[in-house]
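Coordinates in review
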Amino acid sequence: MTTQGDVLVSIQRIARRFGDVVALDDVSIDIRDNEFFALLGPSGCGKTTLLRVLAGFEEPDAGQVLLGDTDLLALPPHRRPVNLMFQSYALFPHMSVERNVAYGLEREGTAKAEVRTRVGEVLETVGLSELAKRRPSQLSGGQRQRVALARAIVKRPRLLLLDEPLSALDRKVRAEMQLELKRLQHDVGITFVVVTHDQEEAMSMADRIAVMHEGTVQQVDSPVDLYQRPSNLFVAQFIGTSNLFAGDAVTGGIRFAGRTLPGVVVGEPISGASRLLVRPEDTVLVEPRDALLSGRVIETQFFGGVSTVAITVAGHDVPVLLTRQGAPSAVRDAEVHLSWDPAKAVVLSA
Ligand SMILES: Nc1ncnc2c1ncn2[C@@H]1O[C@H](COP(=O)(O)OP(=O)(O)OP(=O)(O)O)[C@@H](O)[C@H]1O
Ligand SMILES: [Mg+2]
């Protein structure tokens with residue numbers, strides 16, 4: 001295992017359009033060595049196009065990509081120390097697991113003994129040693145996914161690009177594989193760039209995430225910073241659940257229903273129409289004299305570990321959500337009083 005550090009790949013001002021569609025619009029991202037990096041965004045925002053640019057299957061209209069000191073875009077795909085695992089990974093059905101994994105190395109003319117050693121090691125890493133002789137049709141979806149991963153890492157790329165690697169798996173296997181993928185990245189010490197449109201998946205795996213929207217990068221940050229300090233409304237709504245109060249920005253918060261709701265501004269000063277972001281778990285019930293807002297409980301839900309209370313508040317057109325550990329803290333129809341720590345509420349420009 002090595003540690004994360006210097007920039008490995010520097011993506012600089014990449015643009016790519018297809019006719020009228022701007023797939024990538026001035027995209028700049030630095031990916032660090034040995035990082036687990038995620039590209040997250042809704043369908044059509046340009047994630048696959050960016051991976052294809054890095055892998056060499058798509059030529060950008062403008063911009064450059066440096067890998068260390070090397071101009072990556074000047075190299076043909078097969079000369080790049082980069083491997084792309086496609087959105088739908090195709091295994092050879094007539095070959096055993098070990099032959100599937102060995103195939104790429106054999107084609108490069110790697111010596112037989114070395115192929116055997118490396119395939120053995122990689123199958124061990126992904127936990128498939130016992131199944132080496134099986135055909136893909138004799139494997140579960142999760143096991144097939146592991147074969148595809150083994151095939152991608154056996155060539156020891158500097159950079160492994162994975163396009164929706166877990167999308168073919170059902171929910172439970174998917175959760176297991178998220179942990180597995182993270183462990184694997186840690187063990188093999190290869191920089192991973194994983195594409196997903198599932199925010200929980202990105203949050204649970206990645207060291208850092210680039211949130212994309214319509215071909216542009218909205219924010220690049222750690223999962224915690226994206227969640228607690230989104231830099232705009234798109235990121236705030238895309239990551240997690242939020243209460244968003246609408247009003248004009250004023251010193252120390254926003255003006256809402258004749259009072260000031262407190263929050264902080266991150267970055268540039270904000271004026272005019274704004275939203276105040278308060279996460280449900282930061283919203284708490286208080287005594288009337290300490291209340292920032294009051295309302296009535298319309299619904300409570302208990303999920304075992306956590307519970308949610310939905311509250312109608314005058315002047316706010318959707319229920320305010322409050323979550324907490326354990327059982328609900330209020331009952332339906334109760335009059336309740338709300339507050340939050342102003343340092344945890346964020347003012348965002350509307
Ligand atoms: N070869 C192409 N010709 C024309 N348009 C394309 C081509 N490839 C991509 N696009 C368009 O570029 C935009 C970005 O596509 P891309 O495949 O990068 O999105 P994505 O973020 O990977 O989406 P998804 O999550 O659905 O896979 C889309 O509007 C898509 O229709
Ligand atoms: Mg895609």
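Residues numbered from 1 in each chain as written. Chains lettered and ligands numbered in written order. Predicted model: local features only at pLDDT ≥ 70, side-chain atom pairs only at ≥ 80, totals over all residues.

Between the first and last C-alpha of helix 5 (residues 171–188) there are 25 Å, a value that for 18 residues agrees with the 26 Å anticipated at 1.5 Å per step. Taken together, the buried positions of helix 5 are occupied by M177, Q178, L181, L184 and Q185. Projected down its long axis, helix 5 carries its buried residues within an arc of 140 degrees, all on one side. The exposed set on the far side of helix 5, more than 90 degrees from its buried face, consists of K172, E176, L179, R183 and D187. (Helix = DSSP H or I, 4+ residues; strand = E, 2+ residues; numbered from the N terminus. Expected span 1.5 Å × (residues − 1). Buried ≥ 20, exposed ≤ 12 C-beta atoms within 10 Å, placed from the backbone. Arc of directions from axis to C-beta.)

The next subject is the site of ligand 1. Around ligand 1, the structure places F18, V21, A23, G41, S43, G44, C45, G46, K47, T48, T49 and H197. Secondary-structure elements contributing two or more residues to the shell around ligand 1 are strand 2 (21–32) and helix 1 (47–55). It is helix 1 that provides the largest number of residues to the shell around ligand 1, a total of three residues. When grouped by side-chain class, the residues that make up the shell around ligand 1 number four nonpolar, seven polar and one charged. (Near = placed C-beta within 6 Å. Nonpolar A, V, L, I, M, F, W, Y, C, P; charged D, E, K, R; others polar.)

This part takes up the domain arrangement of the protein chain. Each assigned domain of the protein chain is listed here: domain 1 (7–228) and domain 2 (241–349). One C-alpha centre belongs to domain 1, the other to domain 2; they are set 39 Å apart. (Domains from an automatic or database assignment.)

To continue, consider the packing of helix 4 (residues 141–153) against helix 5. With their axes 11 Å apart at the nearest point, helix 4 and helix 5 run at an angle of 20 degrees to one another. With respect to helix 5, the axis of helix 4 lies roughly parallel. Every pair of crossing elements has a handedness; the one defined by helix 4 and helix 5 is right-handed. Here helix 4 contributes G141, G142, Q145, L149 and I153 to the contact with helix 5, which in turn contributes V173, E176, M177, L184 and V188. Its residues placed into classes, the contact of helix 4 with helix 5 shows six nonpolar, three polar and one charged. (Axes fitted to C-alpha atoms, helices over the stretch in contact; angles between N-to-C directions. Parallel < 35°, antiparallel > 145°, perpendicular 65-115°, else oblique. Left-handed = near helix turned anticlockwise from the far one by under 90°. Contact = placed C-beta atoms within 7 Å.)

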